[in-house]
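Each chain is listed here by its residues.
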Amino acid sequence: MSSVRRLSLVTDEVHAPTPERQAGALRVAVATQDMKNLNAHFGSARRFAVYDVTREEWNLVEAVAFDDVSDESGKHRTEGDDRITALKGCHLLFCLAIGGPSAAKVVSAKIHPIKVPQPQSIQEVLLRTQMMLRTCPPPWLRKVLAQAGVAEQKPSFEDED
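The present account deals with the structure reproduced in this document. Since the model is a prediction, treat every value here as computed from it, not as a measurement.

Scoring rules and cut-offs
Residues numbered from 1 in each chain as written. Predicted model: local features only at pLDDT ≥ 70, side-chain atom pairs only at ≥ 80, totals over all residues. Heavy atoms only, no water. Helix = DSSP H or I, 4+ residues; strand = E, 2+ residues; numbered from the N terminus. Contact = heavy atoms within 4.5 Å. Areas by Shrake-Rupley, 256 points an atom, 1.4 Å probe, with all protein chains shown as cover. Salt bridge = Lys/Arg side-chain N within 4 Å of Asp/Glu carboxyl O. Buried < 20%, exposed > 50% of the residue type's maximum accessible area, 1.4 Å probe, protein only. Polar contact = N/O pair within 3.5 Å; in protein donor to acceptor, adjacent residues only side chain to side chain. Phe/Tyr/Trp six-rings, centres within 6.5 Å; stacked < 30°, edge-to-face > 60°. Expected span 1.5 Å × (residues − 1). Arc of directions from axis to C-beta.

**Remarks on the overall build of the protein chain**
The helix and strand tally for the protein chain stands at 4 helices and 8 strands. The N-to-C order of helical and strand elements in the protein chain reads β-β-β-β-β-α-β-α-β-β-α-α. Within the protein chain, residue pairs in contact and separated by at least 24 positions form 58% of the contacts whose partners lie at least 6 positions apart. Only carbon and sulfur atoms are counted for the fraction: they give 52% of the accessible area of the protein chain, which is about 9800 Å².

**Focus: the pattern of salt bridges**
As a working rule, side chains carrying opposite charge can pair if their charged atoms are close by. Counting across every chain of the model gives 1 salt bridge. Asp52 is paired through a salt bridge with Arg27; the nearest N and O atoms lie 2.8 Å apart. With Asp52 in strand 4 (residues 47–53) and Arg27 in strand 2 (residues 26–32), this residue pair connects regions lying 25 residues apart in the sequence. In this structure, Asp52 and Arg27 share a single accessibility class: buried.

**A short note on the side chain of Arg27**
A relative accessible area of 3% places Arg27 in the buried class. Only 2.8 Å separates the side chain of Arg27 from the side chain of Asp52, close enough to count as a polar contact.

**A word on the environment of Ala25**
Following the sequence through the fold, Ala25 ends up in the loop between strand 1 (4–8) and strand 2. Using a relative accessible area of 0% as the deciding quantity, one classes Ala25 as buried. Distance from Ala25 to Leu133, taken between C-alpha atoms, is 9.9 Å for residues 108 residues apart in sequence.

**Looking at the packing of aromatic side chains**
Across all of its chains, the model carries 2 aromatic pairs by this definition. Seen from their ring centres, Phe42 and Phe48 are 5.8 Å apart, and the 50° between their planes marks the pair as tilted. Each member of the pair, Phe42 as well as Phe48, carries the same accessibility label: buried. Measuring from ring centre to ring centre gives 5.7 Å for Phe48 and Phe66, while their planes differ by 90°; the resulting arrangement is edge-to-face. Taken as a pair, Phe48 in strand 4 and Phe66 in strand 5 (residues 58–66) lie far apart in primary sequence, 18 residues in all.

**Regarding helix 3 (residues 122–134)**
If you check helix 3, its first and last C-alpha atoms are 18 Å apart, about what 13 residues at 1.5 Å a residue would give, namely 18 Å. Buried within helix 3 we find Ile122, Val125, Leu126, Thr129, Gln130 and Leu133. For helix 3, the arc enclosing every buried residue in end-on projection is 135°, short of the 170-degree limit, so these residues lie on one face.

What follows is the structure, given as structure tokens:
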């Protein structure tokens, strides 16, 4: 079993084990080796940078670090549940690749995995996420937003006098 470390910003407030999600924000996890770029597969990521993203801003919530990572050989391991448990509360997971069994577990944990074909900066990922939130979100994102309780209320004609 690998060890999981949670690194979060220190303030003068008392922190819960998992920081509360900012109201109206999507919690986004990015698979990273260096905390600057989306540049890792799900099983080989040394860290996941976790952000709360709204239409206007994003805030780093925490970095979740792992000692035990895969060698990207394609061989499925029975471990990996610790990664999914560590990402509990996230809505989106960006990574370069994720195996079928892991993807199924991630989806059953109500986290939407998004494979990105090429490495890119975390800032680019967050800006693209904000752009999707600001414009007309695709159907899969509207579903995630609704499940997260972030979706805007649809106007009701019954509310008018």
